[in-house]
Amino acid sequence: MFDGQPSRTAMGAAAHRAIHQLVEEGRVLRDPLAIPILGETVETLRQRALDRPQDRGLRFFIAARSELAEAKLAQAVEQRGVSQLVVLGAGLDTLSCRSPFGERLVIHEVDHPATQAWKIARLAAAGIPVPDHVRFTPVDFERMSLLDALVTAGFDVNRRSFFLWLGTVPYLTGQAVSATLRLIGGLPGGSEVVFDYAEPIENHDTSADHIRALSERVAAAGEPLVSWFTPAALRADLCAAGLDHCEDFTVRGLAERHWGKEAVAARMASGSPLSERGGHVLYARSPIRP
Ligand SMILES: C[S@@+](CC[C@H](N)C(=O)[O-])C[C@H]1O[C@@H](n2cnc3c(N)ncnc32)[C@H](O)[C@@H]1O
C-alpha cells in the first residue's frame, strides 16, 4: 500500500460488488450498501462494466466469496453460538452495517489505519449509520499484534468467534498469514474463519492469464500479491493451527453452489471452462468445545 493512503485494491473490490448490484442485479450477493459506500454514480459504474467485460469472472468470485462467508457466518451464529465477528482487512465491506444479527453479534472491523480512516469517512459521507455493536480497530498486520489490539477493543477470547478475512491473504507475507491462522485456531473460545487464497501461478488452469493480469495491476497499485498456497500445504497449516474442519471451494465449486452442477457441467462442455486450480475460498473451524 502507498504510505498513508487507503488501499486501492479495497476500492477495486468494492467497485466489483457495486457493479454486481447493477449488472447482475445482486443475484449472487445482495448488498444494498455496496453502491452508496463507494460514492460513485450508477452511470460511472455501468460504463466501467461496459469498458471492462473481462472483469466478469473476478466480479463473480468477489461476490461469491462474500455470499459464502455470510452464509457460513449465519450457520455459525444460529448453530454454534458465535457471538463475535472480526472482519480482517475489511476495506469497504458493508456487512457490519447490514448485519441481520443486531446486538447478538459484536463486530470488530480491523484494517490498515489509512484504509480504515478512509472507510469511516466514506460511511459518514454516504450517511450510512454504524450500529453501536460495531467497533473499529486500526492494525497493520505486518507490524502490530492483532490479538492485543482486539483485546483492547473488548474482544473476548473465551467466546466463540468468526473471522471474515476476504481479499487480504494474498497481499500479506506468509509469516503474517501463519501468525494470524495460529491466533485464530488457538482462541480458547473456539473460532471459525473464511478467507480466499490463490495457488501459485504455475498451478493455475483456465485462470492463469487472469491472475497474471491481476498480479500486474495490483503491483502497480502498490499492493503486490506475495502469498500463494497449494491446497494440501494450506490444509496442513490449518490443522496445525487447530482448525481441523476445512471446506475448500474452487471457482467451479462456487459456481455450482449458485447455478447448480448441471448448469456448470453444460457450461464446461460448451467450451467455457471454470477454474479448478486457481482462486479458492476456504472455510475452516476449530472443534466445538463443550
Ligand atoms: C483487496 S482489499 C479487500 C478488502 C475487503 N475485505 C473486500 O473484500 O472488499 C485488501 C485489504 O487488506 C488490507 N490490508 C492489506 N495489507 C494489510 C496490512 N498489512 N495490515 C492491515 N490490513 C491490510 C487493506 O487495507 C485492504 O482493506
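Coordinates for the structure precede this section.
Since the model is a prediction, treat every value here as computed from it, not as a measurement.

A. Geometry of the packing of aromatic side chains. For the structure on display, the rule yields 5 aromatic pairs. Their ring planes at 50 degrees and their centres at 6.4 Å tell us that Phe-195 and Tyr-197 sit as a pair that is tilted. Tyr-197 shares its class with Phe-195; the two are buried. Cluster of aromatic residues (ring-pair linked, three or more members): Trp-165, Phe-195, Tyr-197 and Phe-229.

B. Representation of the site of the ligand. Near the ligand lie 22 residues; those nearest to it are Arg-17, Gly-89, Asp-111, Phe-141 and Leu-166. Leu-166 places a main-chain nitrogen or oxygen 2.7 Å from a nitrogen atom of the ligand. Between an oxygen atom of the ligand and a side-chain N or O atom of Thr-168, the distance comes to 3.4 Å. Coverage of the ligand by the protein chains reaches 96% of its 590 Å² of free accessible surface. Sort the elements by how many residues they give to the shell around the ligand and helix α1 (residues 8-23) lands first, with 4 residues. Looking at the shell around the ligand, its residues break down into 9 nonpolar, 8 polar and 5 charged.

C. Spotlight on the pattern of salt bridges. For the structure shown, the criterion picks out 18 salt bridges. Close ionic contact of Arg-27 with Glu-25 constitutes a salt bridge, the shortest N to O distance being 3.3 Å. Between Arg-48 and Glu-40 there is a salt bridge, and its shortest N-O distance comes to 2.4 Å. By sharing partners, the salt bridges in this structure join Arg-252, Glu-256, Lys-261 and Glu-276 into a single network.

D. Main features of the packing of α1 against helix α3 (residues 42-51). Their axes nearest at 10 Å, the elements α1 and α3 cross at an angle of 90 degrees. Here α3 runs roughly perpendicular to α1, going by the angle between their axes. Contacts between α1 and α3 pair Ala-15, Ala-18, Ile-19, Leu-22 and Val-23 from the former with Val-42, Leu-45, Arg-46, Arg-48 and Ala-49 from the latter. Within the contact of α1 with α3, the residues separate by chemical class into 8 nonpolar, no polar and 2 charged.

E. Molecular detail of the packing of α1 against helix α4 (residues 56-80). Remark: α1 packs on α4, axes separated minimally by 9 Å, with the N-to-C direction vectors making an angle of 95 degrees. In terms of orientation, α1 and α4 fall into the roughly perpendicular class. Contacts between α1 and α4 pair Ala-13, His-16, Arg-17, Ile-19, His-20 and Val-23 from the former with Leu-58, Arg-59, Ile-62, Ala-63, Arg-65 and Ser-66 from the latter. Here the residues of the contact of α1 with α4 are counted per class, giving 6 nonpolar, 3 polar and 3 charged.

F. Structural context of the sheet that holds strand β5 (residues 191-198). Pairing is mixed in the open sheet, where 7 strands are placed in the order β3-β2-β1-β4-β5-β7-β6. Since the sheet does not close on itself, it has two edges, and those belong to β3 (134-138) and β6 (245-250), each with one partner. Adjacent strand axes in the sheet meet at a mean angle of 15 degrees, parallel and antiparallel pairs treated alike. As paired elements, strand β1 (residues 84-88) and strand β2 (residues 106-111) share 5 bridges and run parallel to each other. Bridged to Leu-85 within β2 is Ile-107. Across the sheet, α4 touches β1, β4 (161-165), β5, β6 and β7 (279-285), and the angle it forms with β7 is around 10 degrees. Contacts from helix α11 (residues 251-259) reach β6 and β7, with the element oriented near 90 degrees to β6.

G. Highlighting helix α8 (residues 174-185). For α8, built from 12 residues, the straight-helix expectation of 16 Å at 1.5 Å per residue is met to within 8% by its first-to-last C-alpha distance of 16 Å. Those residues of α8 that sit buried are Ala-176, Val-177, Thr-180, Leu-181, Leu-183, Ile-184 and Gly-185. As for α8, its buried residues are in contact with β1, α7 (146-152), β4, β5 and α10 (231-240).

H. Focus on the nonpolar core. Counting residues in each nonpolar core, the largest one holds 32 residues, and the members touching the most others are Leu-73, Leu-85, Leu-105, Phe-162, Leu-164 and Leu-254. At the level of secondary structure, the elements contributing two or more residues to this core comprise α4, β1, β4, α11 and β7. Per-element tally for this core: the top contributor is α4, with 9 residues. In contact with Leu-85, other than residues within four places in its own chain, are Leu-73, Leu-95, Leu-105, Val-106, Ile-107, His-108, Phe-162 and Leu-164. Listed in part, the 30 residues of the second largest apolar core include Phe-155, Ile-184, Leu-187 and Leu-238.

Calculation criteria
- Residues numbered from 1 in each chain as written.
- Predicted model: local features only at pLDDT ≥ 70, side-chain atom pairs only at ≥ 80, totals over all residues.
- Heavy atoms only, no water.
- Phe/Tyr/Trp six-rings, centres within 6.5 Å; stacked < 30°, edge-to-face > 60°.
- Buried < 20%, exposed > 50% of the residue type's maximum accessible area, 1.4 Å probe, protein only.
- Near = heavy atom within 4 Å.
- Polar contact = N/O pair within 3.5 Å; in protein donor to acceptor, adjacent residues only side chain to side chain.
- Areas by Shrake-Rupley, 256 points an atom, 1.4 Å probe, with all protein chains shown as cover.
- Helix = DSSP H or I, 4+ residues; strand = E, 2+ residues; numbered from the N terminus.
- Nonpolar A, V, L, I, M, F, W, Y, C, P; charged D, E, K, R; others polar.
- Salt bridge = Lys/Arg side-chain N within 4 Å of Asp/Glu carboxyl O.
- Axes fitted to C-alpha atoms, helices over the stretch in contact; angles between N-to-C directions.
- Parallel < 35°, antiparallel > 145°, perpendicular 65-115°, else oblique.
- Contact = heavy atoms within 4.5 Å.
- Pairing = 2+ DSSP bridges.
- Expected span 1.5 Å × (residues − 1).
- Core = buried A, V, L, I, M, F, W, Y, C linked by side-chain atoms within 4.5 Å.

These results come straight from atomic positions and should not be treated as a statement about function.
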